[in-house]
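Report on the structure
One letter stands for each residue in the lines below.
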Amino acid sequence: LSEKLDSTQSGLKTVEAELFGYRTRVNELKTRLSKDRRTLPSTENQYRDQLTERNTLLLTIHQYMDKV
């Protein structure tokens with residue numbers, strides 16, 4: 001009976017250590033998600049600005065080629 005108790009307690013410690021690791025990982029992922037949610041609007045705006053600049057340059061090139 002004592003051996004079974006020791007074995008169970010050892011298994012419990014292993015599971016608790018795993019659980020701690022998983023909780024730590026969840027907290028890290030929550031932090032990253034929060035950061036990504038804050039930076040996403042800025043990244044989207046930067047993408048739109050770059051796309052607008054590209055389109056403006058293409059339009060300028062097209063208009064120049066029409067004149068030539």
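Description of the structure in this document. Computed from a predicted model, the values in this text were never measured in an experiment.

We now examine the overall build of the chain. Along its length, the chain carries one helix and zero strands. Over its C-alpha trace the chain gives a radius of gyration of 29 Å, far above what one expects of a compact globule, namely 11 Å for 68 residues. By the burial criterion, 0% of the 68 residues in the chain qualify as buried. Here the chain has roughly 6,800 Å² of accessible surface; of this, 58% comes from carbon and sulfur atoms. Side chains of the chain carry 12 positive and 10 negative charges; the gap between the two charge centres is 4 Å.

Another point: helix H1 (residues 2-67). The end-to-end C-alpha distance of H1, which contains 66 residues, comes to 94 Å, matching closely the 98 Å that a straight helix rising 1.5 Å per residue would cover. At Thr39, H1 shows its largest kink, close to 35°, and the proline Pro41 lies no more than four residues downstream.

This next bit is on the environment of Arg23. Among the secondary structure elements, Arg23 is positioned in helix H1. Judged by relative accessible area, which is 53%, Arg23 ranks as exposed. Separated by 23 residues in sequence, Arg23 and Gln46 place their C-alpha atoms 34 Å apart.

Here is what the cut-offs are and how they apply
Residues numbered from 1 in each chain as written. Predicted model: local features only at pLDDT ≥ 70, side-chain atom pairs only at ≥ 80, totals over all residues. Heavy atoms only, no water. Helix = DSSP H or I, 4+ residues; strand = E, 2+ residues; numbered from the N terminus. Rg over C-alpha atoms; globule rule 2.2 N^0.38 Å. Buried < 20%, exposed > 50% of the residue type's maximum accessible area, 1.4 Å probe, protein only. Areas by Shrake-Rupley, 256 points an atom, 1.4 Å probe, with all protein chains shown as cover. Lys, Arg positive; Asp, Glu negative; His and termini not counted. Charge placed at Lys NZ, Arg CZ, Asp CG, Glu CD. Expected span 1.5 Å × (residues − 1). Bend = angle between axes of the 7 residues up to and from the residue.

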